[in-house]
Structures are given as structure tokens and as C-alpha cells.
Amino acid sequence: MSLPTSEPVIGRPILTAAETRAAEEAIFAAGTPVIDLMEKAGAAVAEAAWRFAAMPPTLILCGPGNNGGDGYVVARHLAERGVHVRVATAGEPRTEAAKVMRARWDGPVEPIAGARPAPLLIDGLFGTGLARALDDELVHHVARLAVAAKLRIAIDLPSGVETDSGALLSAVPHFDLTVALGALKPAHLLQPAASRCGRVAVADIGLAAHAKAWEVARPHLAAPGAADHKYTRGLVTVIGGAMPGASLLAAMAAQRAGAGYVVLTGEGSGGPHALVRRDEAEALADTRTGAVVIGPGLGRDAGARRRLRAALGAGHPLVIDADGLALLADGGLSHLRRLAVPAVLTPHEGEFRRLFGEPAGSKIDRARDAAARSGAVVVLKGADSVVAHPDGRVAVAAAAPAWLASAGTGDVLAGIMGAMIARGLDPFTAAQAALWLHGDAAERAGAGLIADDLPAHLAASLAVCA
Ligand SMILES: NC(=O)C1=CN([C@@H]2O[C@H](COP(=O)(O)OP(=O)(O)OC[C@H]3O[C@@H](n4cnc5c(N)ncnc54)[C@H](O)[C@@H]3O)[C@@H](O)[C@H]2O)[C@@H](O)CC1
Ligand SMILES: Nc1ncnc2c1ncn2[C@@H]1O[C@H](COP(=O)(O)OP(=O)(O)O)[C@@H](O)[C@H]1O
Ligand SMILES: [K+]
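Residues numbered from 1 in each chain as written. Chains lettered and ligands numbered in written order. Predicted model: local features only at pLDDT ≥ 70, side-chain atom pairs only at ≥ 80, totals over all residues. Heavy atoms only, no water.

A short note on the UniProt feature "binding site: AMP" (unreviewed entry) in the chain
At step 1: Mapped onto this numbering, the UniProt entry gives "binding site: AMP" (unreviewed entry) at Lys381, Gly382, Ala383, Asp384, Ser385 and Gly410. The greatest C-alpha distance among the residues just named is 13.5 Å, despite their covering 30 residues of sequence, which places them together in space.
At step 2: Mapped onto the fold, Asp384 is located in the loop between strand E16 (377-380) and strand E17 (385-388).
At step 3: The buried category is assigned to Asp384, whose relative accessible area is 6%.
At step 4: In contact with Asp384, not counting residues within four places along its chain, are Leu189, Leu190, Gln191 and Lys363.
At step 5: In this structure, Ser385 sits in strand E17. (UniProt positions renumbered as here; feature names shortened; annotations may be inferred. Helix = DSSP H or I, 4+ residues; strand = E, 2+ residues; numbered from the N terminus. Buried < 20%, exposed > 50% of the residue type's maximum accessible area, 1.4 Å probe, protein only. Contact = heavy atoms within 4.5 Å.)

Overview of the site of ligand 2
At step 1: Around ligand 2, a shell composed of 17 residues is seen, among which Lys381, Gly382, Gly408, Thr409 and Gly410 lie nearest.
At step 2: One of the side-chain N or O atoms of Lys381 is found 2.6 Å from an oxygen atom in ligand 2.
At step 3: Among the elements that line the shell around ligand 2, the one with the most residues is helix H14 (residues 409-422), at four residues.
At step 4: Residue composition of the shell around ligand 2, by class: eight nonpolar, seven polar and two charged. (Near = heavy atom within 4 Å. Polar contact = N/O pair within 3.5 Å; in protein donor to acceptor, adjacent residues only side chain to side chain. Nonpolar A, V, L, I, M, F, W, Y, C, P; charged D, E, K, R; others polar.)

Remarks on helix H9 (residues 302-313)
At step 1: With twelve residues, H9 should reach 16 Å at 1.5 Å per residue; the first-to-last C-alpha distance of 17 Å fits that figure.
At step 2: Regarding H9, the residues found buried are Ala304, Arg307, Leu308, Ala311 and Leu312. In an axial view of H9, the angular spread of the buried residues amounts to 135°, which keeps them on one side of the axis. Every exposed residue of H9 that faces more than 90 degrees away from the buried side is listed here: Ala302, Arg309 and Gly313.
At step 3: Following H9 by one or two positions, Gly315 has its phi on the positive side, about 85°. (Expected span 1.5 Å × (residues − 1). Arc of directions from axis to C-beta.)

Description of the site of ligand 1
At step 1: Surrounding ligand 1, one finds 23 residues, the nearest of these being Glu24, Asp70, Gly127, Arg132 and Asp156.
At step 2: Glu24 has a polar side-chain atom sitting 2.7 Å from a nitrogen atom of ligand 1.
At step 3: Between Arg94 and ligand 1, the recorded distance is 3.3 Å, taken from a side-chain N or O atom to an oxygen atom.
At step 4: Protein contact buries 85% of the 860 Å² of open area that ligand 1 shows by itself.
At step 5: Mapped by element, the contributors of at least two residues to the shell around ligand 1 are helix H1 (17-29), helix H2 (34-52) and helix H3 (66-80). (Areas by Shrake-Rupley, 256 points an atom, 1.4 Å probe, with all protein chains shown as cover.)

What about the packing of H2 against helix H4 (residues 96-104)?
At step 1: Viewed as axis vectors pointing N to C, H2 and H4 meet at an angle of 60°, and their least axial separation amounts to 9 Å. Looking at the two axes, H2 sits oblique to H4. Pair H2 / H4 crosses with right-handed handedness. Across the interface between the two elements, Val34, Ile35, Met38 and Glu39 from H2 touch Ala97, Ala98, Val100, Met101 and Arg104 from H4.
At step 2: Residues belonging to the contact of H2 with H4 are distributed by class as follows: seven nonpolar, no polar and two charged. (Axes fitted to C-alpha atoms, helices over the stretch in contact; angles between N-to-C directions. Parallel < 35°, antiparallel > 145°, perpendicular 65-115°, else oblique. Left-handed = near helix turned anticlockwise from the far one by under 90°.)

Remarks on the environment of Thr232
At step 1: Counting through the fold element by element, Thr232 comes out in the loop between strand E9 (213-215) and strand E10 (235-238).
At step 2: Taking the C-alpha atoms as reference, Thr232 lies 29 Å from Pro347; in sequence the two are 115 residues apart.
At step 3: Polar contacts involving the side chain of Thr232 include one to the main-chain carbonyl oxygen of His229, which spans 2.8 Å.

Some details on the nonpolar core
At step 1: If you look at the biggest cluster of nonpolar residues, it comprises 51 residues, and the most contacted ones within it are Val236, Val387, Ile416, Met417, Met420 and Leu437.
At step 2: With ten residues, helix H15 (residues 427-445) is the largest single contributor of residues to this core.
At step 3: For Ile416, the residues in contact, after removing those within four places along its chain, are Ala253, Ala254, Ala257, Ala434, Leu437, His438 and Leu458.
At step 4: Listed in part, the 39 residues of the second largest apolar core include Leu190, Leu325, Leu327 and Leu339. (Core = buried A, V, L, I, M, F, W, Y, C linked by side-chain atoms within 4.5 Å.)

Here we look at the domain arrangement of the chain
Often the size quoted for an interface is simply the accessible area lost on bringing the parts together.
At step 1: Domain boundaries assigned for the chain yield domain 1 (13-213) and domain 2 (235-463).
At step 2: On a C-alpha basis, the centres of domain 1 and domain 2 stand 39 Å from each other.
At step 3: On the domain 2 side, the residues contacting the nine residues of domain 1 number 14 residues.
At step 4: Interface area, domain 1 with domain 2, both sides summed: about 780 Å², of which 69% is carbon and sulfur. (Domains from an automatic or database assignment. Buried area = accessible area lost by both parts, 1.4 Å probe.)

See below:
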């Protein structure tokens, strides 16, 4: 029993540096010369800059590789449109394509050390080829020119960010716009790099993306129809425990996220009259249950352990959060692998480390590794949230408002996720839909939000998904 749902919405693809290179190589192998692709990239960046800024006098920083090559193309296109453009370099071009583009630029070129700032700064120093931190002197000049500019635009990536991890290899200023070439890269979504990118526009340069990661997109969630009744909309059971407020938050979020019937177990009281209070054993035995949410406010005592065991054995899809994760960390992972029903784990960084240690690699790599090891969908939360499926697929949510860094917002997320599973979405899609709704509700709740505010905003968030 579930709501009719359309196909999952797939967001924009995310390519690593190596995957981007492979996609470019495929274009070259099909007969397109490197300089043609670079012309396309530079033209796309110039167009994006033109639309974004009123095109005041512009300084373009050009590095030694193809990112710098793009910079020379942008310079030529903007100058042709009448913009006052100067180019400042950190070294002569080293790639063949960049040399060609340097030769095609007949405007002024100066060393970055002596360059005067301009109202618009365009960064074409390094992109996906960045191999190490920028030299201190270069960092100093980039910062000096960025501070003095009114607007800052990065070509492909802000120079200094590591493409695949989103780490800052050296200090990176805050940009207003980043024009991603061909596809998003992990650094456009992963922190701290994402916070340096500003708005991110993807320029289509004809790359065929064979992605294994995508951006979380607005889900399609059909509104209930005449044939629906409360159980087709989904029955969610939230298991209560030591801190009834947390499980109540999760339950109210599940209600407001569209579940037709929400059951809350445990000792607490209060909450909407529409919330059904039930004995735990009776609730877990209900075959109409579409999802069980366990962990928010569960506690970690013997009673909590017993409840987790009961939930794991009940045969319903699970969302395991908070204390539920803490209890799983004590040897529970192997049990999880034997489950016949799907499970979603929603750890923040601390809970993740207790469960999975510190796998190597980016946040995407770590979430992917954890999903493969646990056999569960893993939602590694934070200012950037990554959803990983055991089969290797990954989705990354665009930054949500940092006001979400507040107690109880994770409980709300778990409740929304329960509602998405109960309405019939597969857990990987459900987790993405929940992240999107949570972030959107937070946008609507605005500054100073508390977790209790979020459920009320879900109505408006759901309305734009119908
Ligand atoms: N490959 C292609 O055909 C295309 C590439 N494009 C652009 O090319 C970029 C990638 O180009 P590249 O692979 O040439 O790499 P980059 O231009 O990002 O930089 C690589 C160059 O900088 C050097 N380098 C790396 N880190 C450094 C550091 N910290 N300090 C000093 N030097 C450093 C490297 O040795 C190399 O010479 C993309 O981000 C994109 O902007 C676009 O033009 C589209 C076409
Ligand atoms: N700086 C931030 N920016 C955006 N979202 C954040 C930030 N910090 C935390 N969040 C989000 O807020 C929620 C916090 O969940 P969690 O850490 O489990 O808190 P709690 O257990 O108190 O509910 C998660 O969805 C997380 O992704
Ligand atoms: K750049």
C-alpha cells in the first residue's frame, strides 16, 4: 500500500577530476580538438559572467594550465563585447591549448605581483589540475585582489580547492559565482569548498557524464488522490524512549511530511491529537507499517537496547538515528547486514566515526564505504549531507541553511525520512527527498529557527513538489 509516485528525480551529475578527464578524453577521441573545447568553455564562462555582472573593468587571473587557457578565452570574449579587460598571470602557459589561447589574446598581460585590482575579478589560475597548495605569495596576491574587487567569479573551481574532497589546500577567498565546466565536481557541494563557490552555474560544454554521484534535486511527490486513504499515504511508527521530546519531534515531522497515520510509542504525552499513541509491541506487530523510526530520544540503557532489538526484528523498513546509531556502534553493524528489510542510517560526523571509524577519502568516499559495509543507505549529515547506497550510488545535498545547526533538527529529518519511505519511495530516493524537504523547510523557517518550527513549514515545501 503506497501512494502512486512518479520516477525518482535525478539531480545534476557530479564528476570527480578523473571522471571529468575521461569525459573530455572521449570528446577528443571523437575528433574534437582540445582548443575547440577550450573555446567552448571560455565562451560559456564569458556568457555567464556577462549575465551575472554589469561588466565593470575586469581583471582575469590566468594560471599555467588549461584553467588559465580558459581565462585567456574569457578575456578575448569579454573584450570583444567592449569590457575593459586586463590579464594577470602566475607563470607562462604550459599546455599546448593554453599557449594557443595566450597567443590569441592581444590585450595587456602583467605579472600578478604588480597587478592593480579591478571591480570584477575572474579566477582562472587552477581548476581540476590543482596538485598542491598555492605558494604563499600567490595566496597573498589572490586575497589582495579578491578583497579589493566588488565581484569575484571562479572558472570551474576557486583556485586552491581540492576537486574531489572539497578541502582547501590553501586559503581561498569567497567567490560570488563559480562556473562549473561540463558538470558539477564534488568541491562545488562538499564543505568547506562549497562555501567558497557562491552561486554555482554549470556550463554545458558537451561532456557526456557517466556519473556515480548526483546533486539532490527537488523530489516529485504526488499529492494524495481520490483513491487514497490514510494507510496508502503511509503508516510511520516512531519508537519513543528516554527523551520523549525528540521522538515527538520526529513523529510530528512525519505527520507534516505527509504520512497518513503516525504512531508514537513510549511514555511521553502531548503533541497533536492526530498522533496515535500505542503500545510498542502492538505497534511493531502492525503489518500496515511502512517505516519505523528509531533513535531520536531513545536513550542507551537496557530498555533502549531491547527496543532497538525489537525494531530490528519487526520486519519493517527502518530509519535509525541518534541513540539508535550509538547502540548499533556496539557490535550492531553485523546484525544490520543480516536484515531482510531496508535500513537508512542518519549519522552526523560524530556518530559516523563511532560506527565506521575513519575510512579514507572524501565525505563521498566515506559515506560510500559505510553504505557498502553496512548494507544500509547511509546519510552522512552536516552542512553538506551525503546519501550513499550500498551499490555505490551517491547523492549530495546543496548546502542547507546553517540555522539547522540546532538541537532536534536531526530528529525532524528522521521523521520526514520515515514518511518518505512509508509513502513508497525506495530508501535511497526517500533519503534524498527528506533532505530536500528539510533544507527547504529550513529556508522557509528562516533565521533563528528551532527544530519545532520546521514541521509547520513542510506544507509549503510539499506543495512545490506536487
Ligand atoms: N582538459 C581540457 O581539455 C579542458 C580543460 N578545461 C579547463 O582545464 C582545467 C584543468 O586543466 P589542467 O589539467 O591543465 O589543470 P589546471 O589548469 O587546473 O592546473 C594545472 C597546472 O598547474 C600546475 N599546478 C598544479 N597545482 C599547482 C600549484 N599549487 N602551484 C603551481 N602550479 C600548480 C600543474 O603542474 C599544471 O601545470 C579545468 O579545470 C578547466 O578549467 C576546459 O578548458 C575545458 C577543456
Ligand atoms: N552548518 C550547518 N549547515 C546546514 N545544515 C546543518 C549544519 N549543521 C547541521 N546541519 C543539519 O542539521 C541537522 C542536525 O542533525 P543532528 O546533528 O542529528 O542533530 P540533533 O541530533 O540535535 O537533531 C542535520 O540534518 C544536519 O545536516
Ligand atoms: K579557477
